[in-house]
Amino acid sequence: MLNLFDTQSGAIKPVQAEDGKTLRFYCCGPTVYAAAHIGNFRTFVVQDVFRRVVELGGLRTKHVRNITDVDDKTIRNSQAQGKALNEYTAIWTDKFHTDCKALNCLPPHVEPSAVGHIAEQIELVKLLMEKGHAYQSEDGSVYFRISSYPDYGRLAHLDRQELDLGKTANTRADADEYEKDSVADFVLWKARRPEDGPNYWPSPWGEGRPGWHLECSAMSHKYLGDTFDLHSGGVDLIFPHHENEIAQSRCACGGESARHWFHVTHLLVDGAKMSKSLGNMYTLDQLAEMGYSPAALRYVLAGAYYRRPLNFTLSGMKDATSALNKLARFDKELAKACPAAKEPTYRDLIKNRPEPGVFQPAWDSLEDDLNTPEALGHVFSAIKSIKPAELTPAEAEATRRAFRLIIEALGLQLPDPDAEIDVPADIRAIADERWAARQQKDWAKADALRGRLAELGWAMKDGKDGYKLTKA
Ligand code: AMP
Ligand code: ZN
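My aim in this report is to walk through the structure given alongside it, one point at a time. (Residues numbered from 1 in each chain as written. Chains lettered and ligands numbered in written order. Predicted model: local features only at pLDDT ≥ 70, side-chain atom pairs only at ≥ 80, totals over all residues. Heavy atoms only, no water.)

## Observations concerning the nonpolar core
Next, step 1: Phe50, Phe312 and Phe359 are the most contacted members of the largest nonpolar core, which totals 74 residues.
Next, step 2: The greatest single-element share of this core, amounting to ten residues, is contributed by helix H1 (residues 38–56).
Next, step 3: Both domain 1 (15–267) and domain 2 (336–418) contribute no fewer than three residues apiece to this core.
Next, step 4: Excluding anything up to four places from it in sequence, Phe359 contacts Phe330, Val379, Ala382, Ile383, Ile386, Thr399, Ala402, Phe403 and Ile406.
Next, step 5: Among the nonpolar cores identified, the runner-up in size contains 48 residues, and Trp189, Met219, Leu237 and Ala258 belong to it. (Core = buried A, V, L, I, M, F, W, Y, C linked by side-chain atoms within 4.5 Å. Buried < 20%, exposed > 50% of the residue type's maximum accessible area, 1.4 Å probe, protein only. Helix = DSSP H or I, 4+ residues; strand = E, 2+ residues; numbered from the N terminus. Domains from an automatic or database assignment. Contact = heavy atoms within 4.5 Å.)

Structure (structure tokens):
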């Protein structure tokens, strides 16, 4: 059984389905105003590994992940580009799906959007108004009164004394995002403002639009009920987003909201926070232009322990490429040793779960708070001592299925180790130049260019009539 850290209790707890069969969980989805960056994808990939470990461990799942298609950012960008909100967000929703597929993330079972659930959000505000947890302010917007919910701050472990809910009576936050030191009544329904353009809806409190926090309460309630098994997002969502969600859901609908809170620590780039001004906000497309595959990124994101910051570097991507090649070569040798056996697929491994055998320590690490780097360590030490060619077909098949159990739990995409790999144009140009230098017997130049290729992560093997490039 998977044991996982729970933000609310501050302890590692077993992940349990209330009905013993299907784990029902909610993940906050992307805000579709631009391409998601690799930090966002750290969270989505870790959530995917979580789901795979749960499913391969024998539970079914119901995975709900929303699309945030109405908020300050989607409205601002769609207006700036002169596009209708739905036309604009459809572009980035499609892009998100394409990137998720490239990263081998399983699609959620339900993917509701905020714009598709305006009526449900209005219903929730009505309930909060009726029960005295919300009020309309002089600017026409509706706010949640946090002093009406004594448990406010429990998830984020806000200091109860410092918080002193009584003092929040006259402070309000109408922006979607704010910091811990500005705990305040937060907006549920934003009154229509000129900068929102045509993006407003009628409501009992006048024209306007929902605040960001409201959508996840409305959609988790609709698809998972008032108590469900687990809720997840990046650590930046603990406060205020998830704190506000808990307050809204519990006050409007009763129930416990989520029983387990699972948060993913942030990804940093070269040791620094990602930001546009530092120019270190990579997208999948930018990495592809530099010659790095989504499979390598998946390895980097899935292979780091989710409770520690992950420091993304391009050299880490090169290491990931060679690690994947090593795993792929081992898989291919095992396949050769059991030629009649079926290719093990994710679905098939769920249906007929293999005994992990020598990979049991790796599986145990996965179930121990998703310790993926430790699991990979066990995989690499196990494969060192296995010689596929010496196994009987039955042994090779059992070993391959056990190996693939771990590979599939991590969602790693193994390349064909013998396939001709895509060589980026700039690398090809250096290699051609080196080949020409060799033909002219300019050994010094050829050596220098070989060094240059090695720095870029490529090895060049010279043949009689040409050369072959491999990832170093
Ligand atoms: P957003 O599209 O901004 O709503 O974010 C989508 C998901 O990415 C949320 O779960 C965020 O918490 C998460 N996220 C944002 N930045 C990072 C980061 N640098 N590292 C990991 N997760 C992140
Ligand atoms: Zn959310």
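Moving on from the coordinates now.
## Focus on the site of ligand 1
Next, step 1: The local shell around ligand 1 holds 15 residues, among which Thr31, Gly39, Thr43, Asp236 and Leu267 are the closest.
Next, step 2: Within the backbone of Gly39, an N or O atom sits 2.9 Å from a nitrogen atom of ligand 1.
Next, step 3: Burial of ligand 1 by the protein amounts to 89% of the accessible area it has alone, namely 500 Å².
Next, step 4: Judged by the fraction of its atoms near the pocket grid, ligand 1 is located in the largest pocket.
Next, step 5: Taken together, the elements giving at least two residues each to the shell around ligand 1 come down to H1 and strand S11 (230–234).
Next, step 6: Top element by residues in the shell around ligand 1 is H1. It accounts for four residues.
Next, step 7: Among the residues forming the shell around ligand 1, the class breakdown is five nonpolar, nine polar and one charged. (Near = heavy atom within 4 Å. Polar contact = N/O pair within 3.5 Å; in protein donor to acceptor, adjacent residues only side chain to side chain. Areas by Shrake-Rupley, 256 points an atom, 1.4 Å probe, with all protein chains shown as cover. 1 Å grid on protein atoms, 1.4 Å probe; cavity = no way out; pocket = protein on both sides within 12 Å on 5 of 7 lines; lining within 4 Å. Sits in = over half its atoms within 2 Å of the grid points. Nonpolar A, V, L, I, M, F, W, Y, C, P; charged D, E, K, R; others polar.)

## A closer look at the packing of aromatic side chains
Next, step 1: Going through the model one piece at a time under the given rule, you end up with 14 aromatic pairs.
Next, step 2: On the basis of an interplanar angle of 15° and a centroid distance of 5.1 Å, the ring pair of Phe144 and Phe186 is categorised as stacked. In this pair, Phe144 sits in strand S6 (residues 142–144) while Phe186 sits in strand S8 (residues 185–191), placing the two residues 42 residues apart along the sequence.
Next, step 3: The buried category is assigned to Phe144, whose relative accessible area is 0%.
Next, step 4: Residue Phe186 is classed as buried on the basis of its relative accessible area, which comes to 0%.
Next, step 5: One aromatic cluster is present, formed by Phe25, Phe50, Phe262, Tyr305 and Tyr306 through successive ring pairs.
Next, step 6: Positioned above the aromatic ring of Tyr143 is the side chain of Arg172, whose terminal nitrogen or guanidinium carbon lies 5.5 Å from the ring centre. (Phe/Tyr/Trp six-rings, centres within 6.5 Å; stacked < 30°, edge-to-face > 60°. Lys NZ or Arg CZ within 6 Å of the ring centre and 35° of its normal.)

## Section: the packing of helix H9 (residues 294–302) against helix H10 (residues 314–337)
Next, step 1: Put simply, H9 and H10 touch, their axes get as near as 8 Å, and they point 100° apart. Classified by the angle their axes make, H9 and H10 are roughly perpendicular. Here H9 contributes Ala295, Ala296, Leu297, Tyr299 and Val300 to the contact with H10, which in turn contributes Gly316, Met317, Ala320, Thr321, Ala323, Leu324 and Leu327.
Next, step 2: Considered class by class, the residues forming the contact of H9 with H10 number ten nonpolar, two polar and no charged. (Axes fitted to C-alpha atoms, helices over the stretch in contact; angles between N-to-C directions. Parallel < 35°, antiparallel > 145°, perpendicular 65-115°, else oblique.)

## Examining the coordination of the zinc ion (ligand 2)
Next, step 1: The zinc ion (ligand 2) binds to the protein through Cys28 (SG), Cys216 (SG) and His241 (NE2); the donor distances cover 2.0 to 2.2 Å.
Next, step 2: Take Cys216: its relative accessible area is 1%, and that puts it in the buried class.
Next, step 3: Overall, the relative accessible area of 1% leaves His241 in the buried class. (Donors = N, O, S within 2.8 Å, 3.2 Å for Na, K, Ca; no water.)

## Here's the deal with the sheet that holds strand S13 (residues 261–264)
Next, step 1: In spatial order, the strands read S4-S3-S11-S13; together these four strands make up an open sheet with parallel pairing. A single partner strand is all that each edge strand has here, and the edge strands are strand S4 (60–65) and S13. Recorded for the sheet is a direction-independent mean angle of 20° between the axes of neighbouring strands.
Next, step 2: Summarising the sheet, strand S3 (residues 22–27) and S11 pair through three bridges and their orientation is parallel. The residue of S11 that forms the bridge with Cys27 is Ser232. (Pairing = 2+ DSSP bridges.)

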